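Structure at a glance
Each chain, letter by letter, is given below.
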Amino acid sequence: MQIILPRVEIHRFYSSFENTPHTHEDQFQITIPIKGTCHFQHEHKYLSLPPGEGIVLMPRDQHSLHIGDGASLVIIRVRQESMYPQGLPSQREPQYRQQFDVERISRYFGQWTSGMMNRDLDDPLEEEELETRMISDLQELIWSGGLPVSPAMQISHEEHNQHHARVLEYIHANYTEQLNISTLAGLAMQSRYHFIRTFKSLMGVTPYQYVLQLRVREAIRQLQQSDATVTEISFNLGFASPSQLFRAFAKTTGMTPEQYRKTRL
């Protein structure tokens, strides 16, 4: 079972598995046995890892591993630029051997896979939200107790409101375009993860869901007041495809765009 996104990969192996010595050019690898023993080779060292005892490898470290029947293993690979929380020096090396809570890892994995299965495959903004959450969870696991204070905690309440108002203004002006979390978080003067969390606490929905609401609201207006086809409306409003509009519209109104238009005739 695996999740592969641009900045992070999550792999879970059940029962017997082994690989040959290899390296990853620009990725850290975190290997965490969940059940049974993982037999691990790092460069010229041989290690037997019990459940919860993980290894954090630097990029270009040669390694291989194998597990036997009945064992379970999680491997996380993350790009160098995403390994370090904002404000933490990138030259600082993570602890090589770490003890992880296997129940917590399994819970996170379940949340990540559920998010992947339920996400809209057509929208990069929702994928970026999920990836940001996964990386934040991973950083918390690796750097527990050593995370820097979020910049959002160091600004005044008035400044925070000004930044949030700027984000909303930008979204309303550009919601028909392809938005990304990095730009919105920059306007809010926050890390990507803290921006998503703060936005949801203030608006009740994530940035992706908020953009979707604006697009559906405008689709309703255009269905009422124009003769544009559903396909034309979907692309004019920034939907990746008419099917994405259909799904979002049906979820909001309980009917398809064509059904809605017929009720307004």
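Above: the structure in question.
Residues numbered from 1 in each chain as written. Predicted model: local features only at pLDDT ≥ 70, side-chain atom pairs only at ≥ 80, totals over all residues. Heavy atoms only, no water.

1. Concerning the packing of aromatic side chains
Taken as a whole and judged by the stated rule, the model has seven aromatic pairs. Here Phe249 and Tyr260 contribute two aromatic rings whose centre-to-centre distance is 5.6 Å and whose plane-to-plane angle is 70 degrees, an arrangement assigned as edge-to-face. Placement of Phe249 in helix α9 (residues 242–253) and of Tyr260 in helix α10 (residues 257–264) is noted, with a sequence separation of 11 residues between them. Of the two residues examined, Phe249 and Tyr260, each falls in the buried class. Cluster of aromatic residues (ring-pair linked, three or more members): Phe28, Tyr84 and Trp143. Between the NZ or CZ atom of Arg12 and the centre of the ring of Phe109, over which it lies, the distance is 5.6 Å. Residue placement shows Arg215 over the ring face of Phe239; its charged tip is 5.7 Å from the ring centre. (Phe/Tyr/Trp six-rings, centres within 6.5 Å; stacked < 30°, edge-to-face > 60°. Helix = DSSP H or I, 4+ residues; strand = E, 2+ residues; numbered from the N terminus. Buried < 20%, exposed > 50% of the residue type's maximum accessible area, 1.4 Å probe, protein only. Lys NZ or Arg CZ within 6 Å of the ring centre and 35° of its normal.)

2. Notes on the pairing of strand β2 (residues 8–14)
Across the seven residues that make up β2, a large majority, five, are buried. Summarising the sheet, strand β1 (residues 2–4) and β2 pair through three bridges and their orientation is antiparallel. In the sheet register, Ile4 faces β2, and the bridge partner there is Glu9. Taken together, β1 and the strand that follows it, β2, pair antiparallel across an intervening segment of three residues. Note: β2 against strand β9 (residues 72–79), seven bridges, orientation antiparallel. (Pairing = 2+ DSSP bridges.)

3. What about the nonpolar core?
Counting residues in hydrophobic clusters, the biggest one holds 33 residues, and the most contacted among them are Val167, Ile171, Phe195 and Phe249. Mapped onto this core, the elements with two or more residues apiece are α4 (157–174), α5 (181–188), α6 (192–203), α7 (207–225), α8 (230–236) and α9. Ranked by residue count, the leading element in this core is α7, at nine residues. If we skip the residues at most four places from it in the chain, Val167 touches Leu184, Leu187, Ala188, Phe195 and Phe199. Core analysis: the next-biggest nonpolar cluster, separate from the first, contains 28 residues, Phe28, Ile135, Leu138 and Ile142 among them. (Core = buried A, V, L, I, M, F, W, Y, C linked by side-chain atoms within 4.5 Å. Contact = heavy atoms within 4.5 Å.)

4. What to know about the sheet that holds strand β8 (residues 63–67)
Taking strand neighbours across the sheet as the criterion, the four strands line up as β3-β8-β5-β6 in an open arrangement whose pairing is antiparallel. The sheet is open, and its two edges are formed by β3 (17–18) and β6 (45–49), each paired on a single side. Pairing between strand β5 (residues 38–42) and β8: five bridges, direction antiparallel. From the neighbouring strand, Phe40 faces β8, where its bridge partner is Leu65.

5. Overview of the side chain of Asp61
On the secondary structure map, Asp61 appears in the loop between β7 (53–57) and β8. Within the structure, the side chain of Asp61 is placed 3.2 Å from the backbone nitrogen of Met58, a separation counted as a polar contact. Discounting chain neighbours no more than four positions away, the residues touching Asp61 are His22, Thr23, His42 and Glu43. (Polar contact = N/O pair within 3.5 Å; in protein donor to acceptor, adjacent residues only side chain to side chain.)

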